[in-house]
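So the chains spell out like this:
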Amino acid sequence: CLQFAPVWSRPSLSMLRADALLTSYFSRTLDDGTDSGILEDGDLAGRPRGVAVSPSPSFRDSVDILILPEMAFTGYIFNSRAEIAPLCEPPSGGATIAWCRRWAALLACVVVCGYPRRERERSDGDGEEERLYNSQCVVSAAGDILAIYDKTFLYATDKVWASAGERFQYVDLPPPLGVRAGLGICMDINPEDFVAPFTDFELAHFWKNSGVQIALFSSAWCNRHPDDPPDHVSEEPDSHETLQYWATRLIPLFGTHMAFVCADRVGKEGMTTFCGTSCVMSMRKHPTVLECLNTTQEGVLVREVELCAATATATATATKRYQAVGSREGVSSSASRLYTPRTYCSDSQLVPWDLRCIPHMICSFCKPLETKTRLFVCLFVCLFFRP
């Protein structure tokens, strides 16, 4: 994953920033033959912000998948359709697709990136209307557009300008990867409109039923809701709470051979702070956070993940190893965390997952609810999952 803070409404500057981070990371890795895991903003000392260097052909084959956040180059918060419309790209491909093709060719990898796009579609009447979407593109090493996915569950910020996508989506990545990748954007992992039953787990069930082997999730996770009053003071983002929530929304995938890769962004827009915490998570037996960045780092990390060759209709015993660009929390590769609430409460003690963890996880997510509602939910969950 590439985690960084885009320049709001200035995609060209954001792209230069992304170029600089990626180029510096891969140049350093290839020059000294080591992979220290994280490139932070300080590693670009002496280089003007937003100025990229020329990539080297030796970058090829260094990674297999590069994923960027939701609306990676434009910023996320727009107050009207008119404000974001000039930044929405045409179906034939604009600046974001071109950027993805360039880096896909340089790295000989698949590139996944969030961006706003426009599409002319037939309206209910006889004419056509232009719709705007919060989208995610998947570009192959050969420069082909493998998929364009439109965000299905819209957050309040999206509803100001975007139309909802028709359905969740996956894409079969071509050889040599040859795996099925599930796509998703931020709010998609939540209950629909925050009113659907929490245990519907819509996106996780779709991924599981579709035989997805790796989930590629672009996000702009934030600590503030648009309906919060101006004087509302939001808590600073907490990586542990963010990871805890994502892991809980993936409960149907526990015990599978799937990997969850999330590229989130950092920085601020207005009074909103973005949560970062880009991560690579394994679902084998129990959710394990393999690597993650913290809430403020701009960085890149290459993480190798192990995937089982499986499809929706057949399962093979062969195991393949692939490299995915991931991210890290600042701990060594060997310190992978079993992700449970008890781990969250005490980093010094790692324990296996079991159902007794679920009430603690749910209770963490009930904090924003009214007291009576929170007590009811916690009582129900604790009774239902009591050991």
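Residues numbered from 1 in each chain as written. Predicted model: local features only at pLDDT ≥ 70, side-chain atom pairs only at ≥ 80, totals over all residues. Heavy atoms only, no water.

Trainee: Teacher, can you tell me more about the pattern of salt bridges here?
Mentor: Pairing between side chains of opposite charge can happen when the charged atoms of each approach one another. Per the stated rule, a full pass over the model turns up 17 salt bridges. With its nearest N and O atoms 2.8 Å apart, the salt bridge here joins E298 to R17. Of this pair, E298 sits in the loop between β13 (288-292) and β14 (299-310) while R17 sits in helix α1 (residues 11-32), and the two are 281 residues apart along the sequence. In this pair, the class of E298 matches that of R17, namely buried. The salt bridge involving K159 is made with D193; its shortest N-O contact spans 2.7 Å. Residue K159 is found in helix α4 (residues 156-159), and its partner D193 is found in the loop between β7 (180-185) and α5 (202-209); the two are separated by 34 residues along the sequence. For K159, a relative accessible area of 48% gives the class partly exposed. Take D193: its relative accessible area is 37%, and that puts it in the partly exposed class. (Salt bridge = Lys/Arg side-chain N within 4 Å of Asp/Glu carboxyl O. Helix = DSSP H or I, 4+ residues; strand = E, 2+ residues; numbered from the N terminus. Buried < 20%, exposed > 50% of the residue type's maximum accessible area, 1.4 Å probe, protein only.)

Trainee: Whenever I open this one, helix α6 (residues 239-249) confuses me. Can you help?
Mentor: Burial of α6 is extensive: 10 of the 11 residues sit out of reach of the surface. Taken as a whole, α6 has its buried residues at S239, H240, T242, L243, Q244, Y245, W246, A247, T248 and R249. With a side-chain oxygen lying 2.8 Å from the backbone nitrogen of H240, the N-terminal cap of α6 falls on D238. (Polar contact = N/O pair within 3.5 Å; in protein donor to acceptor, adjacent residues only side chain to side chain.)

Trainee: Before we go on, may I ask you to explain the state of the cysteines in this structure?
Mentor: By definition, a disulfide links the sulfur atoms of two cysteine residues through a covalent bond. For the structure on display, the rule yields zero disulfides. We note that C1 lacks a disulfide partner, and the nearest cysteine sulfur, in C262, lies 6.7 Å from it. For C1, a relative accessible area of 0% gives the class buried. Here C100 stays unpaired: no disulfide links it, and the sulfur of C137, its closest cysteine neighbor, is 3.9 Å away. On the basis of relative accessible area, C100 is assigned to the buried category, the value being 0%. (Disulfide = S-S within 2.5 Å.)

That's the geometry; what it means functionally is another story.
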